[in-house]
Amino acid sequence: MNTTFLRRAIVPGVAAIALAASLAACGSSDDDTTSASGGDSSASAGGSATNLSGSLAGGGSSAQEKAQDIWRAGFGASNPDAKITYESVGSGTGRDNFISGSYKFAGSDSAMESDELTSAKKTCGSDPVEFPVFISPIDVIYNLKGVDSLKLDAPTIAKIFNGTITTWDDPAIKALNPDASLPSTKIQPVHRSDSSGTTDNFTDYLHQASGGAWKDDHSSDWPLQGGAAAKGTDGVVSSVKSGDGTISYADDSGVQGQGLGIAQIKVGSQFVTPSADGAAAGLAASQVATGTPATVLQYNINRKTTDPKTYPIFMASYEIACSTYSDSGTAALVKGFLSYMISDQGQAAAAKNAFSAPLPADISAKEQAIVDKIS
Amino acid sequence: MTTPTLDPPAELRAKRFGLGDRVFSNLALLAGLTILVALAAVFVFLAIRGIPGLSADKSIYGPGSTNFWEYAGKALFGTCLSAVIAMIIAVPFSLGLALFISHYAPRRLAVPVAYVIDLLAAVPSVVFGLWGARTLAPALVPTQDWLNAHLGFIPLFGGTPYSAGRTMFVAAIVLAIMIIPITTAICREVFAQTPRLQEEAALALGATRWEMVRYAVFPHSRSGVVAGIMLGLGRAMGETMAVAMILSAGDPIVTFHLVTSENPQTIASNIAQKFYGDNTNIQSVLLATGLVLFLFTFLVNFTARALVARSERKLS
């Protein structure tokens, strides 16, 4: 009797699960989102409109999630009728959904490639808007018994992560840390198993600054085989926390308060502790990419700075939108929300709660000029 | 399965096949068809979205593979390795537990034990994942170090042990814990179905308790036990979240080392880890590996069923 009961319970259960899975799978490909409607008040010239209404759907980068929560709350406080959603689905899916038109704005840890810019232009019917809104330092974290401070430079980090340096008492590490008593523990480098903007920026740093020790180009997928891996910032942080001799890289916001060792990085002739200000200075010292539309502000980040005020391992996460929208309500809402993100108030709130670096004033002024063109 | 039908007398026929019966039979038919439609829908979805992944650009398959079959094969290897190790741990436990509950334990003990095991099946896999990665993995580091130091000459325990402990060894143990309740529940039920008369006859002939189990209970429940093991195997091969959270695996690789930081990736956890990332080009490849897993589980199930059917025929 019990067997038949079990069978009766299992069969519809399996059917329901399979059905739900197939529906969910179909649904995920074409997330339809309500477009903005009834923006009954128009944005003022400065973009600092209040009492905007309507709904706006966006999503993308999970690194921006915390900041987006804060921005939506802050923007919602002065625009209680505006409903903005942000789905933290990952940068790549965010860009895809923006290009397919289901998102009105997207957050992305990597700047769009030229083919993506072309597709986005087709979707928008005009040039897309893209600029960095969220700057966050990436820390090199480690866990090594008895070593509270560690100094590293780019070639050494590259050799640790590509497996050339295998123990903590390697002469290269000793040379950088003459005062530390380094054990002969094996180094266990941990990388992200998912494809991420953090990996992209970290490998870009190794590629640019290691003087040839890192052979691969920057890539959001870890380019080498071997080594430990974990999913997400949270995964690498908890792996490093529980394993002696481990080293990894993680977004600063996920490292704060975890009690992990954070390496100081050699910049020029000095060793720099990761900081929001250092990351912001690093962006200010970088070149604006050329050959993109006037509404696109992409940076070729300079990881080889020698100025000790800069910290070279950081991520600049972008916001993507259209420069024109067919619906004036949507345009006003996007304009207002983007303006809030890059405003001093929005940047300060994100810095406080998401440990990001506030945008340098001249960069946010440039971005505001782009936002003003949205119509 | 055909069920014999009895034709009811003519005067009852009208009543029997009244509205209620028609509604019920249609509902039952609908439920049956839904499964087929759902399965077909999953298959079609995976096939349509996955086919571009079969011939994607070489760079998309990561540093370790040059084509789809190599990539999928390596991930399938990880799936099989983790599932097989989990089964090696779980099956003896499940059979023992099921026998204990159905034939050995006093009723006062059997009922609560069975209840607790059923509860274990209700624990969500995320919880198993968190527990495995954050509690069990660090706790098993000394065990893994010991295995490596003393049994390191066996390739399974060779290499450099991972100090965070998130290895295939731990993942397989957690998988085993996750499948024990399912396998146990089904084995328990089929063991309990053994005809009382046969059991008593065996005992009356002077068989010990174990001999009774061996000659009366096991032959009778063979197909049910295999079904239970298959369900467990299916869960082990398809388990996603717990493995994704525990296993330190990036690009799919082939290695038999169980206690190092470099582990083979399983298909399900590979999809969970990589689907929503910065790089969406890999999505079609991942869906195609999903199709491989889908077909592979079918194959395993059919093979197991065929084996059972053959052995049943031999027995009778």
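Residues numbered from 1 in each chain as written. Chains lettered and ligands numbered in written order. Predicted model: local features only at pLDDT ≥ 70, side-chain atom pairs only at ≥ 80, totals over all residues. Heavy atoms only, no water.

A. View of the overall build of chain A. Across its full length, chain A holds 13 helices and 14 strands. Burial statistics for chain A: of 375 residues in total, 54% are counted as buried. Counting contacts in chain A only where the partners sit at least 6 residues apart, residues at least 24 apart contribute 73% of the total. Taken as a whole, chain A presents about 14,800 Å² of accessible surface, with 51% of it coming from carbon and sulfur. (Helix = DSSP H or I, 4+ residues; strand = E, 2+ residues; numbered from the N terminus. Buried < 20%, exposed > 50% of the residue type's maximum accessible area, 1.4 Å probe, protein only. Contact = heavy atoms within 4.5 Å. Areas by Shrake-Rupley, 256 points an atom, 1.4 Å probe, with all protein chains shown as cover.)

B. The arrangement of the overall build of chain B in detail. Scanning chain B for helices and strands turns up 12 helices and 0 strands. Seen in sequence order, chain B has helices and strands lined up from the N terminus as α-α-α-α-α-α-α-α-α-α-α-α. When its C-alpha atoms are laid out on the principal axes, chain B stretches across 75 × 50 × 35 Å. Across the 316 residues that make up chain B, the buried fraction comes to 47%.

C. Molecular detail of the interface of chain B and chain A. Contact with chain B, which involves 39 residues of that partner, is made by 50 residues of chain A. Between chain B and chain A the total buried area reaches about 3,400 Å² when both faces are included, carbon and sulfur atoms providing 53% of it. The interface formed by chain B and chain A holds 2 salt bridges in total. The partner of Asp234(A) in a salt bridge is Arg134(B), with the nearest N and O atoms 3.0 Å apart. Across the chain B-chain A interface, the total number found is 18 residue pairs in polar contact (both at pLDDT 80 or more). (Buried area = accessible area lost by both parts, 1.4 Å probe. Salt bridge = Lys/Arg side-chain N within 4 Å of Asp/Glu carboxyl O. Polar contact = N/O pair within 3.5 Å; in protein donor to acceptor, adjacent residues only side chain to side chain.)

D. Region of interest: the side chain of Ser317(A). Residue and element names in this part refer to chain A. Considering the arrangement of structural elements, one finds Ser317 in strand β14 (residues 314–322). For Ser317, a relative accessible area of 0% puts it in the buried group. Among the polar contacts made by the side chain of Ser317, one reaches the side chain of Gln64 at a distance of 2.8 Å. Polar side-chain contacts of Ser317 include one of 3.3 Å to the backbone oxygen of Ser108. Every residue in contact with Ser317, bar those within four places of it in the chain, is listed here: Ser61, Gln64, Ser108, Asp109, Phe131, Pro132, Val133 and Phe134.

E. Layout of the environment of Ile35(B). Tracing the backbone through its elements, the reader meets Ile35(B) in helix α2 (residues 19–54). Assessed through its relative accessible area of 23%, Ile35(B) is described here as partly exposed.

F. Quick peek at the state of the cysteines. Residue and element names in this part refer to chain A. According to the stated counting rule, one finds 1 disulfide over all chains in the structure shown. Note on cysteine connectivity: Cys124 is disulfide-linked to Cys322, with sulfurs 1.9 Å apart. Judged by the sign of its S-S torsion, about -75 degrees, the bond between Cys124 and Cys322 is left-handed. Taken together, the residues span a long stretch of sequence, with Cys124 in helix α4 (residues 114–124) and Cys322 in strand β14 at a distance of 198 residues. (Disulfide = S-S within 2.5 Å.)

G. How the structure looks around the pattern of salt bridges. Residue and element names in this part refer to chain B. Inspection of every chain in the model, using the stated rule, returns 13 salt bridges over all chains. Note that Arg196 is salt-bridged to Glu200, the shortest N-O span being 3.6 Å. Of the two residues, Arg196 and Glu200 both sit in helix α8 (residues 196–204), 4 residues apart, roughly one turn of that helix. Judged by its relative accessible area of 57%, Arg196 falls in the exposed class.

H. Up close: the packing of aromatic side chains. Residues and elements named next belong to chain B. Evaluated as defined, the whole model comprises 20 aromatic pairs over all chains. The interplanar angle of 90 degrees and the centroid separation of 5.2 Å between the aromatic rings of Phe275 and Tyr276 together place this pair among those described as edge-to-face. The class for Phe275 is buried, based on a relative accessible area of 15%. The exposure class of Tyr276 is partly exposed, given its relative accessible area of 41%. (Phe/Tyr/Trp six-rings, centres within 6.5 Å; stacked < 30°, edge-to-face > 60°.)

Geometry only, nothing functional implied.
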